[in-house]
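# Chain and residue survey
The lines below spell out each chain.
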Amino acid sequence: MNRSGPRSLLTENEITSVLSARFLQGNPYTSIGSNVLIAINPFVKLEKQGRSIYDDAVASFYWNRAPHLTSPHIFKLAAACLHNLSSFENNQTIIISGE
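Keep in mind that what you see is a predicted model, and the values were worked out from it rather than measured.

## Comments concerning the pattern of salt bridges
When the charged atoms of two side chains with opposite charge come close together, those side chains can pair. Tallied over the full model, the rule gives two salt bridges. The residue Lys 45 makes a salt bridge to Glu 47 at a minimum N-O spacing of 3.5 Å. For Glu 47, a relative accessible area of 42% translates into the label partly exposed.

## Overview of helix α1 (residues 12–24)
It helps to recall that an α-helix has 3.6 residues per turn; residues three or four apart then point in one direction. Look at α1: 18 Å from first C-alpha to last across 13 residues, which is about the 18 Å you get at 1.5 Å a residue. Within two residues after α1, Gly 26 carries a phi angle of roughly 85 degrees, on the positive side.

## Re helix α3 (residues 74–88)
Its 15 residues place the ends of α3 21 Å apart at the C-alpha level, agreeing with the 21 Å of an ideal helix rising 1.5 Å per residue. Among all positions in α3, only Lys 76, Leu 77, Ala 79 and Cys 81 are buried. In this structure, the buried side of α3 is in contact with β2 (36–39) and α2 (56–63).

Reading the values: rules and limits
- Residues numbered from 1 in each chain as written.
- Predicted model: local features only at pLDDT ≥ 70, side-chain atom pairs only at ≥ 80, totals over all residues.
- Heavy atoms only, no water.
- Salt bridge = Lys/Arg side-chain N within 4 Å of Asp/Glu carboxyl O.
- Buried < 20%, exposed > 50% of the residue type's maximum accessible area, 1.4 Å probe, protein only.
- Helix = DSSP H or I, 4+ residues; strand = E, 2+ residues; numbered from the N terminus.
- Expected span 1.5 Å × (residues − 1).
- Contact = heavy atoms within 4.5 Å.

So, in structure tokens, the structure goes:
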């Protein structure tokens, strides 16, 4: 999906299609811009290459990489929030909504 211009709006079907495709590829996280993360709970243990996507090595990976070089993940969002809080003293908010 490629939209250009500030007035481009995504339809509900387009958003659902992208989220569905990413989920079926094993990617429960999707970024919208640099500050919004959508997570779909698969109700199963999430692993890549036989390792949990939430272990210490994954956390370190996101902590030590530039955000534009990494894929969407909750650790990426957490690292960005901590960086903005400690470097710029900007207040941070994380909203988690679910069923």
